[in-house]
Amino acid sequence: MNTNKTEKPMFDEKIVDGLFNQIEKIIVENKTKMTYQINHTLVNTYFTIGKIIVENEQNGNIRAEYGKDVLKNLSKKLTNKYGTGFSRSGLQNMRLFYIRYKNCHPLAGKLSWSHYCYLIYIEDDRERNFYEKECINSGWSKRELKRQIDSLLFQRLLLSNGRKNIEKVYELSKKGNEISSPSDILKEPYVFEFLGIKEEKPVRESELEKNLLHHLSSFLLELGKGFMYVGHQMRITLDNNTHYYVDLVFYNKILRSYVLIDLKSEKMKPEYVGQMNMYINYYNSEVKDEFDQETIGIILCAGKKDVTMEYVLGGLSNKVFASTYTYYIPNREELINEVERILSEHLFNQDNLTD
């Protein structure tokens, strides 16, 4: 009886793992390059198609009275030959794409065509430039870009800082929202529309905290760049038997600071600042490491009065800020009108200085 059995060849799994890791790296790198190249080509193609349409309009080849019919029939021919992507609305987007970016060629490859389909409908150049830079810097998906546009991020940031430094609008449009000081992380108001809470419905602080934690990823995006979640209801013990609890604690890796957030369902009160100041002193003394910057405190309240805040926060050495929140998208018309008013006043003052 033949007892010899064919043995399976032995192999070293480490060799297989090593080969796999090398090959995986190549696949990922080339996939990224391919995506970039495809996107670069697609964006440039649509830009050129838009240019052709606009130049034919300007030369009188496409007259206004039958322009829609021209694009409709052009769409049919292109779709029959090349498939989807050439609908009449798509061609109109390409046309508008060229009009918006003809004086500053788009950063092809940085954003997808889907991103540009949202950006091209922003008429103001400075506002559009801001969202484009911020989208690239923060890596927003097209869905997040739409949310930020809908929630009027540009106007909110501008009104948070604009009255003190109107030049902020020009900085925002050139390089996005750069965070270099604690005040740069603030918005007015914060928008929590992702919670699905109706405007008129009163919400307890504990319920608001629970909802924000349930939608943590959306909350982090609304807070802004560099935020990492640390915990909620973080206990602070004083005199061995007195306990206090910080509603939400984050760490901002850009500022290298702990950020404490206290949620208030009522309007701002002076005593809220004293409590936050105590939290900050504790974190600066007991929690932060030597390489961390000073702790930042944000009181999110249902409302605040500027005059009251001026006296409450004036002269305070710790970085305590107050901002409001809302459960719905801010009134677009009111915010835009306020921004335009501030900008008009600024330009008027600049003209008077040059006279």
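All figures in this text were calculated on a predicted structure; none of them were measured in a lab.

Asks: Explain the sheet that holds strand β6 (residues 319-326) to me, please; I cannot follow it from the model alone.
Replies: What links the strands of a sheet is backbone hydrogen bonding, and the strands pair in either a parallel or an antiparallel sense. Read across the open sheet, the six strands follow the order β1-β6-β5-β4-β3-β2; overall the sheet is mixed. Of all strands in the sheet, those with a lone pairing partner are β1 (190-191) and β2 (227-238), marking the two edges. Alignment of β1 against β6, held across two bridges, turns out to be parallel. Within β6, the position partnered with valine 191 by the bridge is threonine 326. Docked against the sheet, helix α11 (residues 270-287) engages β2, β3 (242-252), β4 (257-263), β5 (296-301) and β6, running at close to 150° with respect to β4.

Asks: Looking at this structure, I do not really get the confidence of the model for the protein. What am I missing?
Replies: Detailed reading of predicted coordinates is not advised where the pLDDT is low. The predicted model of the protein has a mean per-residue pLDDT of 78, with 80% of residues at 70 or higher. Ranking the elements of the protein by mean pLDDT puts helix α12 (residues 306-313) last, at 52, and helix α4 (residues 113-119) first, at 92.

Asks: For this particular structure, what's the right way to read the packing of helix α5 (residues 125-138) against helix α8 (residues 168-175)?
Replies: Each packed pair of helices is defined by two parameters, the angle between the axes and the distance between the axes. Relative to each other, α5 and α8 sit at 50°, their axes nearing to 6 Å. Accordingly, the angle class assigned to the pair α5 and α8 is oblique. Here α5 and α8 pass one another in a crossing that is left-handed. Along the contact surface, α5 presents Arg126, Asn129, Phe130, Lys133 and Asn137, while α8 presents Tyr170, Leu172, Ser173, Lys174 and Lys175. Taken together, the residues of the contact of α5 with α8 sort by class into three nonpolar, three polar and four charged.

Asks: Please clarify how unusual backbone geometry should be interpreted in this entry.
Replies: Backbone phi values are negative for most residues with the exception of glycine, while trans is the configuration of most peptide bonds. The phi torsion at leucine 152 lies on the positive side, around 60°, for a residue other than glycine. By the secondary structure assignment, leucine 152 is in the loop between α6 (142-150) and α7 (153-161). By relative accessible area, leucine 152 is classed as buried at 0%. Unusually for a residue other than glycine, glutamine 233 sits at a positive phi of about 50°. By the element assignment, glutamine 233 lies in strand β2. The exposure class assigned to glutamine 233 is partly exposed, which follows from its relative accessible area of 32%.

Asks: How do you make sense of helix α3 (residues 88-101) when you look at a structure like this?
Replies: Each turn of an α-helix holds 3.6 residues, which means side chains three or four residues apart point in the same direction. For α3, spanning 14 residues, the distance from its first C-alpha to its last is 20 Å, which sits close to the expected 20 Å at 1.5 Å a residue. Listed in full, the buried residues belonging to α3 are Gly90, Leu91, Asn93, Met94, Leu96, Phe97, Tyr98 and Tyr101.

Asks: Before we go on, may I ask you to explain the pattern of salt bridges in this structure?
Replies: Side chains bearing opposite charge may pair, as long as their charged atoms lie close to each other. Scanning all chains against the criterion turns up 10 salt bridges. The closest approach of N and O atoms between aspartate 125 and arginine 128, which form a salt bridge, is 2.9 Å. A residue pair is termed a helical-turn pair when its members lie 3 or 4 positions apart in one helix, as aspartate 125 and arginine 128 do in helix α5 at three residues. Using a relative accessible area of 45% as the deciding quantity, one classes aspartate 125 as partly exposed.

Asks: What's the story with the environment of isoleucine 49 in this structure? I'm lost.
Replies: Summarising the element assignment, isoleucine 49 is placed in helix α1 (residues 13-58). For the pair isoleucine 49 and arginine 95, spaced 46 residues apart in sequence, the C-alpha to C-alpha distance is 7.3 Å. Filtering out sequence-adjacent residues up to four positions away, isoleucine 49 remains in contact with Phe86, Leu91 and Met94.

Asks: Hey, could you run me through the environment of glutamate 144 in this one?
Replies: In this fold, glutamate 144 is placed in helix α6. Along the sequence, glutamate 144 and glutamate 222 sit 78 residues apart, while their C-alpha atoms lie 9.9 Å from each other. Looking at glutamate 144, its side chain comes within polar contact range of the side chain of glutamine 148, at 2.6 Å.

Asks: Just checking my understanding: could you explain the side chain of glutamine 155 for this structure?
Replies: Here glutamine 155 is to be found in helix α7. By relative accessible area, which is 3% here, glutamine 155 ends up buried. There is a polar contact of 3.4 Å between the side chain of glutamine 155 and the side chain of glutamate 127. Sequence-distant contacts of glutamine 155, that is, excluding residues within four places in its chain, are made with Glu127, Tyr131, Leu335, Ile336 and Val339.

Asks: How do you make sense of α6 when you look at a structure like this?
Replies: All of the buried residues in α6 are Glu144, Leu145, Arg147, Gln148 and Ile149. In the stretch just after α6, leucine 152 is the one whose phi turns positive, near 60°.

Asks: Sorry if this is basic, but what is going on with the packing of aromatic side chains here?
Replies: Two measures describe an aromatic ring pair: the distance that separates the ring centres and the angle between the ring planes. For the coordinates displayed, the defined rule picks out 17 aromatic pairs. Ring plane angle 55° and centroid distance 6.5 Å describe the contact between tyrosine 82 and phenylalanine 86, whose orientation is recorded as tilted. With a relative accessible area of 58%, tyrosine 82 lands in the exposed category. According to the relative accessible area criterion, phenylalanine 86 is buried, its value standing at 12%. Three or more aromatic residues joined by ring pairs make a cluster, and in this case those are Tyr46, Phe47, Tyr82, Phe86, Phe97, Tyr98, Tyr101, Trp113 and Tyr116. Looking at arginine 128, its charged tip hangs above the ring of tyrosine 101, at a distance of 5.9 Å from the centre. Positioned above the aromatic ring of tyrosine 272, the side-chain terminus of lysine 264 is 4.6 Å from the ring centre.

The rules we used
Residues numbered from 1 in each chain as written. Predicted model: local features only at pLDDT ≥ 70, side-chain atom pairs only at ≥ 80, totals over all residues. Heavy atoms only, no water. Pairing = 2+ DSSP bridges. Helix = DSSP H or I, 4+ residues; strand = E, 2+ residues; numbered from the N terminus. Contact = heavy atoms within 4.5 Å. Axes fitted to C-alpha atoms, helices over the stretch in contact; angles between N-to-C directions. pLDDT = per-residue confidence, 0-100. Parallel < 35°, antiparallel > 145°, perpendicular 65-115°, else oblique. Left-handed = near helix turned anticlockwise from the far one by under 90°. Nonpolar A, V, L, I, M, F, W, Y, C, P; charged D, E, K, R; others polar. Buried < 20%, exposed > 50% of the residue type's maximum accessible area, 1.4 Å probe, protein only. Expected span 1.5 Å × (residues − 1). Salt bridge = Lys/Arg side-chain N within 4 Å of Asp/Glu carboxyl O. Polar contact = N/O pair within 3.5 Å; in protein donor to acceptor, adjacent residues only side chain to side chain. Phe/Tyr/Trp six-rings, centres within 6.5 Å; stacked < 30°, edge-to-face > 60°. Lys NZ or Arg CZ within 6 Å of the ring centre and 35° of its normal.

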